[in-house]
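# Structural characterization, general
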Amino acid sequence: MEFLKVEYQCSLLHINNFLQGPRHVTRAIKVGNHQLEHRVVLAPLTRFRGDENHVPTDLQAKYYAQRATKGGLLITEATFINGREAGGYPCVPGWKKVTSAVHEKGGLIYLQVWHVGRAALRCFLPNNVQPVSASEIQYAQASKNAVAAGFDGVELHGANGYLIDQFLNTSSNSRTDQYGGSIENRGRFALEVVKAVSDAIGAERVGSACLLGLRSRNAIDTVNTLDPFRAVWKGAFISAGGYTTKPELATEIADKTGNLIAIGRAFIANPDLVYRLKNSIPLTKYNRDTFYTPGPVGYTDYPFAEQEEAKA
């Protein structure tokens, strides 16, 4: 597995305190077989902009292309590994036009692959059938499909109380078989998925997301630090969220650790976020009311800095 993305279960950083001028996050770094030209990453963001069949359209292609930069990494919203049967929220992959648009800008794009597990909503499933779980084989096939659709790799969604996280967390995993109890057993399914996907598309194309802050009897003390994870993880490391009590830590930690930094809401409102950060240009404030509404408003109509400068 090539990279690990870790996020805090709290508010995102105050981005205007994040970068002032060229710092470590604007430097190149290698992730898998790809050379990134900076370390600012688009975090996965659910936006509900698919068509009536939940398939990505030209609108999504424009959205991701707007945020693509030469040598920059984008991670898509979570996408089901096997369609509606994966459980609960309406979404169907249809990504080729999106990946083509990003690659035309010289960017890289990973698909976040997802199974919601017990969080499934039967009302979204055909005939209200009971949702079923998944095997590592389904994750592997979904990852092959992603590569066939033009994605440069996949991020396994192992956070937010969804299927992989349900196995890992003692708050949800009460099993008494080989998948429950000890951390070795609770981690078994996650490791099986990682191996299957790595065998299917190559470990250099695979990353995983995990979340800090959920209750677990075996939780690691991670108050304001990801150092316990950095100490054991030697691949590319993406930090996401947090830094709310001391926003200045974002720049400090990026410089100290060399981490990539995944940004969500500020990237929604600033399609040219990387350009703004490099040039210390003030950011446009996001409109939360349009996060999950249909159409281009609050999705592809946010201004670019050059447009604002032309009006001034």
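Residues numbered from 1 in each chain as written. Predicted model: local features only at pLDDT ≥ 70, side-chain atom pairs only at ≥ 80, totals over all residues. Heavy atoms only, no water.

## Some details on the packing of helix α1 (residues 58-67) against helix α2 (residues 96-104)
Two numbers describe how α1 lies on α2: the axes approach to 8 Å, and their chain directions differ by 25°. If you check the angle between α1 and α2, you find them roughly parallel. As α1 packs across α2, the resulting crossing turns out to be right-handed. Here Asp58, Gln60, Ala61, Tyr64 and Ala65 of α1 lie close against α2, whose contacting residues are Lys97, Val98, Ala101 and Val102. (Axes fitted to C-alpha atoms, helices over the stretch in contact; angles between N-to-C directions. Helix = DSSP H or I, 4+ residues; strand = E, 2+ residues; numbered from the N terminus. Parallel < 35°, antiparallel > 145°, perpendicular 65-115°, else oblique. Left-handed = near helix turned anticlockwise from the far one by under 90°. Contact = heavy atoms within 4.5 Å.)

## A look at the nonpolar core
One finds Tyr64, Tyr139, Leu156, Phe189, Val197 and Leu273 to be the most contacted residues of the largest nonpolar core, which totals 52 residues. The element contributing the most residues to this core is helix α6 (residues 188-201), with 6 residues. Leave out the neighbours within four places in its chain, and Tyr64 touches Leu42, Leu74, Thr76, Glu77, Trp95, Val98, Val102 and Ile109. If you look at the next biggest cluster of nonpolar residues, it comprises 14 residues, including Val31, Val41, Ile238 and Leu260. (Core = buried A, V, L, I, M, F, W, Y, C linked by side-chain atoms within 4.5 Å. Buried < 20%, exposed > 50% of the residue type's maximum accessible area, 1.4 Å probe, protein only.)

## A closer look at the environment of Ile281
Position of Ile281 relative to the elements: it lies in the loop between α10 (273-278) and α11 (305-311). Put simply, Ile281 and Ala305 are 24 residues apart on the chain and 7.6 Å apart in space, counted from C-alpha to C-alpha.

## Looking at the pairing of strand β5 (residues 73-80)
For β5, the buried fraction is high: 8 of the 8 residues fall into the buried class. Of the strand pairs in this sheet, strand β4 (residues 40-42) and β5 are connected by 2 bridges, and their pairing is parallel. Across the sheet, residue Leu42 finds its bridge partner in β5, namely Leu74. Two elements, β5 and strand β6 (residues 108-114), share 6 bridges in a ladder whose sense is parallel. From the neighbouring strand, Leu73 faces β6, where its bridge partner is Leu108. (Pairing = 2+ DSSP bridges.)

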